[in-house]
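# Chains, contacts and geometry: an overview
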Amino acid sequence: MNNNFSEIEIIGKGFFNANNQLEPRRDGEINYQLQQQTVKVAFFADILIKDFDGAIKTMYQLIERISTNKFEYTFFTGTAPKHAFKHKIVKTPAIRIPFNISYKMAFPRLSKIKLLLSLTKLNPDVVHITTPSALGFFGLNYAKRNNKPVLSIYHTHFISYMKYYFKYAPFLVKPAESLIKKLYIFFYNRCDIVYVPTKEIMNELQTYGVSRNVMKLWQRGIDSHLFNPSKRDIAFIRKLTENDKPNILFASRLVWEKNVETLFSIYNEIESQNIDVNFVIAGNGVAEEIARQRMPKAIFLGFLDHEKLAKVYASCDIFVFTSISETYGNVVVEAMSSGCVPVIARGGGSQALVEDGKTGFLCEPDNPADYIEKIKFLLNNKELKEKMQQAGYKYALPLCWNELSKEYFKDIKALASKKNS
């Protein structure tokens, strides 16, 4: 008997029962074989370096919950993990992206035969594609040619990046945005399920031409045991800042698409108005060197592991986030879950996470004076700040990765069932 089955084994149009007797399949009978055997998934992701960015953190919340006795995953990537990885990896060449040298994009054409041979050997039941890159389209085209269902997660709001990538050639922004919209339509409308993190982003994608029928609301989770107010450590933050001033925190990759120019302007306003606070920066990236020059009195912590980052969130008072290019904004939820009140841009997916005036404040994206007004208001109103801390923590608490991952694996199984029905 095949070890993939618990009690019975399908053979042709019948099955063996528990007494090893062949019985015919009854009309309408569920495909028990598919329910019991391992579901094979081809997972396409350009980068698999753990904690590289918010999108990859989301991926790993799923990867680390894969049940190997129920699923067989093979990962196709251009940049393989640097840590021990228990799943099979098929690597393809990758090159740095000209507009963002911190990223590498896989080029599947350079190893097309190897990829196709691996896919043929795997014969996946479902294809999971993280992004509409060259590798993503390779996976999508393979799936469509071979009648494989496709699930994708909308991780990156590429269209909002164009004004940063082409800031020295602004006449190219509109054509680039138009091209991205066409890419969205051509890619996502060919998927069976596209997870989208907020209703705002879902509505925006629909205006571009992405079908509502393929989109499914699937928020992001939070590890509330890691990110919570109990991690507040006054001695820890005092050691970093060397004083007891209130702490304004920015935690994210230091890249231009996070709208760091506005962050610089907020810093300048704080300095010019002699607001007596520490300006704390957690994260690194291509804009870090210039950020250090533009904000000389800021306290730069660089890249932090989860435990230290959780302490920093909980030990700071206000979380400033200027990005309008987020699909979701994991850092905003991490801050709220830690008791650090968000003062963020009214733009991108992040704005959906903050109830203005209750769990934090929303600001005009490119208006540093608006941020400063909200920051000063919080610094001078302890009672309001405490109410917002409590409300933010309450909002973040139900966002559980365990439940979200269960939904994901349920959908993977349903897609496999649909493919084999």
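Values in this document were obtained by computation on a predicted structure and should not be read as measured data.

Here the focus is the overall build of the protein. Across its full length, the protein carries 15 helices and 18 strands. Looking at the protein as a whole, 53% of its 421 residues qualify as buried. The contacts of the protein with a sequence gap of at least 6 include a subset with a gap of at least 24, amounting to 63%. Surface accessibility of the protein: about 19,900 Å² in total, with carbon and sulfur atoms responsible for 51%.

The next subject is the pairing of strand E5 (residues 71-77). Of all 7 residues that make up E5, 6 are buried, and the element is covered over most of its length. Here 6 bridges tie strand E4 (residues 39-44) to E5, and the two strands are oriented parallel to one another. Bridging across to E5, Val-41 finds its partner in Tyr-73. After leaving E4, the chain enters helix H2 (residues 54-63) and then returns to the sheet as E5, a path that is right-handed. Inspection of the sheet shows E5 paired to strand E6 (residues 88-91) by 4 bridges, in the parallel sense. Residue pairing in the sheet places Phe-75 in a bridge with Ile-89 of E6.

We now examine the sheet that holds strand E16 (residues 318-321). Overall, parallel pairing links the 6 strands, which are arranged E15-E14-E13-E16-E17-E18 in an open sheet. Among the strands making up the open sheet, the edge pair consists of strand E15 (299-302) and strand E18 (361-363). Between one strand and the next, the sheet's axes are offset by a mean angle of 25°, whatever the strand orientation. Pairing geometry for strand E14 (residues 278-282) and E15, over 3 bridges, is parallel. By the bridge assignment for E15, Ala-282 is matched with Gly-302. Contacting strand E13 (247-251), E14 and E16, helix H9 (residues 260-272) runs over the sheet at an angle of about 160° to E14.

Membership of the largest hydrophobic core comes to 65 residues, with the highest contact counts inside it found for Leu-249, Phe-279, Ile-281, Met-295, Tyr-313, Phe-319 and Val-332. A total of 6 residues in this core trace back to one element, the largest contributor, which is H9. Ignoring any residue separated from it by four or fewer positions in sequence, one finds Ile-281 in contact with Phe-250, Leu-254, Leu-263, Met-295, Ala-298, Ile-299, Phe-300, Leu-301 and Gly-302. The next biggest cluster of nonpolar side chains, apart from the first, holds 37 residues, and it includes Ala-143, Ile-201, Val-210 and Met-215.

Covered by surrounding structure in E15 are Ile-299 and Leu-301 together with Phe-300 and Gly-302, the residues of both alternating faces. Taking the sense of rotation as the criterion, the β-α-β connection linking E14, helix H10 (residues 288-294) and E15 turns out right-handed.

Let's shift gears to unusual backbone geometry. A positive phi angle, close to 60°, is found at Asn-259, a residue other than glycine. The topology assignment puts Asn-259 in the loop between E13 and H9. With relative accessibility at 5%, the residue Asn-259 sits in the buried group.

In this section: the packing of aromatic side chains. The full count for this structure, using the stated rule, is 26 aromatic pairs. On the numbers, 4.8 Å between centres and 15° between planes, the contact of Phe-44 with Phe-76 is stacked. Of this pair, Phe-44 sits in strand E4 while Phe-76 sits in strand E5; the two residues are 32 residues apart in sequence, bridging distant segments of the chain. Of the residues examined, Phe-44 reaches a relative accessible area of 1% and is grouped as buried. Taking the relative accessible area as the measure of exposure, Phe-76 reaches 1% and is therefore buried.

Once that is clear, we can look at the environment of Ile-270. Looking at the element boundaries, Ile-270 is found in helix H9. For the pair formed by Ile-270 and Ile-372, sequence separation is 102 residues and the distance between their alpha carbons is 7.3 Å. With near-sequence residues (within four places) excluded, Ile-270 lies in contact with Ile-275, Val-277, Phe-279 and Ile-372.

Conventions and cut-offs
Residues numbered from 1 in each chain as written. Predicted model: local features only at pLDDT ≥ 70, side-chain atom pairs only at ≥ 80, totals over all residues. Heavy atoms only, no water. Helix = DSSP H or I, 4+ residues; strand = E, 2+ residues; numbered from the N terminus. Buried < 20%, exposed > 50% of the residue type's maximum accessible area, 1.4 Å probe, protein only. Contact = heavy atoms within 4.5 Å. Areas by Shrake-Rupley, 256 points an atom, 1.4 Å probe, with all protein chains shown as cover. Pairing = 2+ DSSP bridges. Right-handed = clockwise from strand over helix to strand, strands pointing away. Axes fitted to C-alpha atoms, helices over the stretch in contact; angles between N-to-C directions. Core = buried A, V, L, I, M, F, W, Y, C linked by side-chain atoms within 4.5 Å. Phe/Tyr/Trp six-rings, centres within 6.5 Å; stacked < 30°, edge-to-face > 60°.

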